[in-house]
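# Residue-level structure breakdown
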Amino acid sequence: MPALKQLSDLLSAKFPDAFLEVTEFRGMLSIHIRGGLILDLLRMLKTDPRFAYNFLADVTAVDHLKKGGHTRYSVVYHLLNQYDAKRIVVHAWVDEENPALPSVYSLWKTADWQEREVFDLFGIRFEGHPDLRRIMNPEDFGFHPLRKDYPLHGRGERDDFPVVGRTIGSKWPADRSFE
Amino acid sequence: MTLTAKELSTEKLELNFGPSHPATHGTLRVQLEADGEIVTRADAEIGFLHSGFEKLGEHLSYNQYITITDRMNYLSPLCNNVAFALAVEKLLGIEAPKRAQYLRVLMCELSRIADHLLAIGMLAVDVGAFTVFLYGFRIREKIYDLFEMVCGARLTTSYTRVGGLMRDVPDDFDAVCREVLAEIPTAMEQIDGLLTHNRIWLDRTRNIGVITPEQAISYGLTGPIARATGIDYDIRVKEPYSCYEDFTFDVIIGENGDVYDRYMVRFYEVWESIKICEQVLDKLPSGPVNVDADTKYTLPPRNEIFNSIEALIHHFEVTMENRGFTPPVGETYVPTESPNGELGYFIVSDGGREPYRVRTRPPSLINFSVFPEIMPGQTISDIVAVLGSLNIIAGELDR
Amino acid sequence: MGIDRSGRGEWLTTTLDAFVNWARKNSLWPMPFGTACCGIELMAVLASRHDIARFGAEALRFSPRQSDLLLVAGRISIKMMPVLTRIYQQMPEPKWVISMGACASSGGIFDTYSVIQGIDKFLPVDVYLPGCPPRPEAILHGLISLQKVIMRDSMQHYEQLDGAAPG
């Protein structure tokens, strides 16, 4: 696979400390890198005419707690080159303690909401983000629900609301059937 | 006594819009700061329909998750079904038979027609033209009938399966579908007559909510909204999936990126979709709609299950809990062109029966993120027009 | 009700309950709280084929203060629940609630951390509509069922609870 080897050599020369590996699965190339240098890597992929990945399609994250990986979390960037219709995936690996990496808002403004979503659901902080706060869950939601150690049914948040009864009509018949 | 302009005190007006408001089509909230009629700041708050789709996906098997994808974009659920099935098939390294792929294209395009009709109708309702909604919904009901014919449900279709389709279309489907397709142009002409050259419509939509191509790329916009700004990118053409390369159609491109252009792009895409549907019906190959049952990805034919023990055991193996197929360790992403833009499922597999992680690339969320950028400078009454033209689907926005 | 045509004028004899209930049930003003898929089927009921106007409930009001029927159509998340409660409290009496679809009634397939497992845990519900989403015919059936509930109503039942604010 020349493309994979070439890319791997280029990146290991450019980012000797941070570069981890390049993998391929079903024709989709994935670059794995340590989170600290993600902004430099994406800037290179965007501006270097050899790559010209001008479009950030998606930002998400994966919690590798049960699966295993370089570190616990990886933030996943899907890049698209709209001139040649080529795609590439970048995994930026961050640690379990104090998960944080630079924001790519300066390159693409779509990172604004998508990084907020990753922060809300995984608790990964993006340094340099203009307005990093929860986007999906309420502000006072204490957890990051897509982490693997958070249960599917939650920790009782969905049952914690005041009950509102009928304000009038205390003498309504107990049997409310209408047949 | 007369007051000079200097003595009149002015202050900014704070307005709250939503989360329960007729023009939000679901649930979102906009906090506005207005200087008279002019919006100076618009902050959007979302998440009112966050339902944990992605968490749920980690606890359901691949075929079970198809029912969940229906509820994500409920204007065109079949496009979601197809996008998810394609991603799982890529993960498994299989390809659905030709007939299934053609039927998927047909269903996607019918969904696109239905979606665009409702999007145009709701945009018209928001700016005060209720009639268009009724005309659009008349055809939408006919398309619902087609969906009901093939899969038994109007809205939550769950029509695809990993490796093919739930079942083949009925024998008389071809004739009924052609009949419906022949009716759509009449409705489109009616909508055209009501809106396209209507002076009020032009005043309410022209040069409103303008998005530049640079903004569109920076904000990751896709679909009709990006094409209305002049970006020539349609995944059906550039990265064809499910045999889209077999059909000829034009990609509709706008010029100004305003509400009117978004309407026009959707309007003409309906015509292109009709063309694709007719080509599918003309070229539809015969054959099975599922990959061979021996691969253990799909169920054996129904009459074999009742008549042979091998097929019965096979059926049991596929459907029971703790049974079923296990894809290899890996991750895939297949982009598809949904009516709102790029829709794709990013699936991470750890080799188990359930996906390790399912991520949806939600076009509505990413398209809506441009809203705070384009609103300053517009009037308050333009908010509903811009929201309608972005076609926000709350289920997909919040997941 | 009985109609008497013997005199010079025409007479209608009825109980006040029957008359008031008859008027109320045929002029329900729904507040559609459509959040998800069910909202689309609700639109289908409003459109020409199914036409909810035949049952006198076509006057949708998006302000809770003008409506007497809360139609909760779609799943309710933990972020939405305080909003829904607020809207219910803003509606004037008499008021009824239809919980439309599996998600609003029980959480449906969304047994997750952020979806309320049935709005009846926190709000009084009069009619539940099964289905995911219910067909338009089912919505009409739900409306007719609610009309039957209203016909069983009586002025005697409307006693102010202690301390509750008047509607």
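Below you will find a few notes about this structure. (Residues numbered from 1 in each chain as written. Chains lettered and ligands numbered in written order. Predicted model: local features only at pLDDT ≥ 70, side-chain atom pairs only at ≥ 80, totals over all residues. Heavy atoms only, no water.)

## Overview of the pairing of strand S4 (residues 73–81) of chain A
Residues and elements named next belong to chain A. Stated precisely, the cut-off is as follows: Whether a residue is buried, partly exposed or exposed follows from its accessible area with a 1.4 Å probe, protein chains only, as a fraction of its type maximum: under 20%, in between, or over 50%, in that order. Helix numbering and strand numbering both begin at the N terminus, where a helix is a DSSP run of H or I of at least 4 residues and a strand a DSSP run of E of at least 2. Following DSSP output, two strands are said to pair if at least two bridges run between them.
With respect to burial, S4 is a largely interior element, nine of its nine residues being buried. Residues of S4 alternate between two faces, with Tyr73, Val75, Tyr77, Leu79 and Asn81 on one and Ser74, Val76, His78 and Leu80 on the opposite face, all of them buried. Here strand S3 (residues 55–63) pairs with S4 via eight bridges, running antiparallel. Bridging across to S4, Leu56 finds its partner in Leu79. Summarising the sheet, S4 and strand S5 (residues 86–94) pair through nine bridges and their orientation is antiparallel. Opposite Tyr73, over in S5, you have Val94 as the bridge partner. Remark: four residues form the turn of the hairpin made by S4 and S5, two consecutive strands paired antiparallel; Ala85 in that turn has positive phi of roughly 55 degrees.

## Some words on the interface of chain C and chain B
Counted only if it meets this: Contact criterion: two residues are considered in contact whenever any of their non-hydrogen atoms come within 4.5 Å of each other. Accessible surface is computed with a 1.4 Å probe, and the buried area is the amount of it that two parts give up when combined, taken over both parts together. Any carboxyl oxygen of Asp or Glu that lies within 4 Å of a side-chain nitrogen of Lys or Arg is treated as forming a salt bridge with it.
The interface is formed by 31 residues belonging to chain C together with 37 residues belonging to chain B. Taken together, both faces of the contact between chain C and chain B bury some 2,900 Å²; the carbon and sulfur share is 64%. Three residues, C:Ile40, C:Arg49 and C:Lys79, lead the burial of chain C against chain B; their summed loss comes to 19% of the area buried on that side. Taken together, the links from chain C to chain B amount to five salt bridges. Residue B:Arg154 pairs with C:Glu41 through a salt bridge whose shortest N-O separation is 2.8 Å. Contributing elements (two or more residues each) for the side of chain C that touches chain B: strand S3 (30–34), helix H2 (37–46) and helix H3 (81–90) of chain C. With five residues, the top contributor of residues to the side of chain C that touches chain B is H2(C).

## Regarding the sheet that holds strand S5 (residues 96–100) of chain C
Residue and element names in this part refer to chain C. Our working rule: Helix axes use the C-alpha atoms of the stretch in contact, all axes being lines fitted to C-alpha atoms, and the angles between their N-to-C directions lie in the range 0 to 180 degrees.
As summarised here, the arrangement of the four strands in space is S3-S4-S5-S6, forming an open sheet in which the pairing is parallel. Every interior strand has two partners, whereas the edge strands, S3 and strand S6 (127–129), have only one. Recorded for the sheet is a direction-independent mean angle of 15 degrees between the axes of neighbouring strands. Across five bridges, the pairing between strand S4 (residues 69–73) and S5 is parallel. Note that in S5 the partner of Leu71 across the bridge is Ile98. Strand contacts of H2: S3, S4 and S5, with the helix running at about 125 degrees to S4, the strand carrying the most contacts.

## Some remarks on the packing of aromatic side chains
Threshold: Only the six-membered ring of Trp is used, alongside the rings of Phe and Tyr, when aromatic pairs are assigned; centres must lie within 6.5 Å, and planes under 30 degrees apart are stacked while those over 60 apart are edge-to-face, with the rest tilted.
Scanning all chains against the criterion turns up 24 aromatic pairs over all chains. With 5.6 Å between their ring centres and 85 degrees between their planes, A:Tyr150 and C:Tyr113 make a pair best called edge-to-face. Taken together, the positions of A:Tyr150 in the segment after strand S7 (125–127) and C:Tyr113 in the loop between helix H4 (101–106) and S6 put the pair across two chains. As far as the burial class goes, A:Tyr150 and C:Tyr113 line up, both buried. Each ring, one from B:Tyr263 and one from B:Phe267, has its centre 5.9 Å from the other, and the planes form 45 degrees; the classification is tilted.

## Structural notes on the interface of chain A and chain B
What counts is decided by this rule: Throughout this description, a polar contact denotes any pair of N or O atoms lying within 3.5 Å of each other; where both atoms belong to protein, one of them has to be capable of donating a hydrogen while the other can accept it, and for residues adjacent in sequence the pair is counted only when both atoms sit in side chains.
With 44 residues of chain A at the interface, the matching set in chain B holds 50 residues. Note on chain A versus chain B: buried area summed over both sides is about 3,900 Å², and carbon and sulfur give 59% of it. The three residues of chain A that bury the most area against chain B are A:Arg26, A:Trp113 and A:Met136, which together make up 18% of that side's buried surface. Summed over the shared surface of chain A and chain B, the result is six salt bridges. With a shortest N-O distance of 3.0 Å, A:Arg87 and B:Glu342 are connected by a salt bridge. Counting every contact that joins chain A to chain B gives 26 residue pairs in polar contact (both at pLDDT 80 or more). The leading source of residues in the side of chain A that touches chain B is S3(A), at nine residues.

## So, the environment of A:Glu24
Residues and elements named next belong to chain A. Topologically, Glu24 is positioned in strand S1 (residues 19–25). Assessed through its relative accessible area of 34%, Glu24 is described here as partly exposed. Spatially, the C-alpha atoms of Glu24 and Asp131 are 35 Å apart, while their sequence positions differ by 107 residues.

## So, the packing of helix H2 (residues 62–70) of chain B against helix H3 (residues 77–92) of chain B
Packed helix pairs are characterised by how far apart their axes lie and by the angle those axes make with each other. All names here are of chain B. What counts here: Each angle is binned into one of four classes, with values under 35 degrees roughly parallel, values over 145 roughly antiparallel, values of 65 to 115 roughly perpendicular, and all other values oblique. Handedness of a crossing is defined here by the sense of rotation of the near helix relative to the far one, left-handed for an anticlockwise turn of less than a right angle and right-handed for a clockwise turn.
Packing of H2 against H3 brings their axes to within 8 Å, and their N-to-C directions diverge by 155 degrees. Taken together, the axes of H2 and H3 are roughly antiparallel relative to one another. Once H2 is placed against H3, the crossing between them reads as right-handed. Side by side, H2 and H3 meet where Tyr62, Tyr65, Ile66, Thr69 and Asp70 of the first sit next to Pro77, Asn80, Asn81, Phe84, Val88 and Leu91 of the second.

## Concerning unusual backbone geometry
Residue C:Pro133 is bonded to the preceding C:Cys132 through a cis peptide linkage, with omega at -10 degrees. Mapped onto the elements of the fold, C:Pro133 is located in the loop between S6 and helix H5 (136–151). The phi angle at B:Ser158 is positive, at roughly 50 degrees, despite the residue not being glycine. Among the secondary structure elements, B:Ser158 is positioned in the loop between helix H5 (130–151) and strand S4 (160–161). For B:Ser158, a relative accessible area of 10% corresponds to the buried category. The phi angle at B:Asn391 is positive, at roughly 55 degrees, despite the residue not being glycine. Secondary-structure assignment places B:Asn391 in the loop between helix H16 (382–390) and helix H17 (394–398). For B:Asn391, a relative accessible area of 7% corresponds to the buried category.

## Side note on the sheet that holds S5(A)
All names here are of chain A. Here five strands make up an open sheet; going across it, the order is S1-S2-S5-S4-S3 and the pairing mixed. On the outer flanks of this sheet lie S1 and S3, each paired with one strand and no other. Pairs of neighbouring strands in the sheet enclose a mean axial angle of 20 degrees, with direction left out of account. Along the sheet face, helix H3 (residues 111–122) touches S3 and S4 and points at about 5 degrees away from the line of S3.

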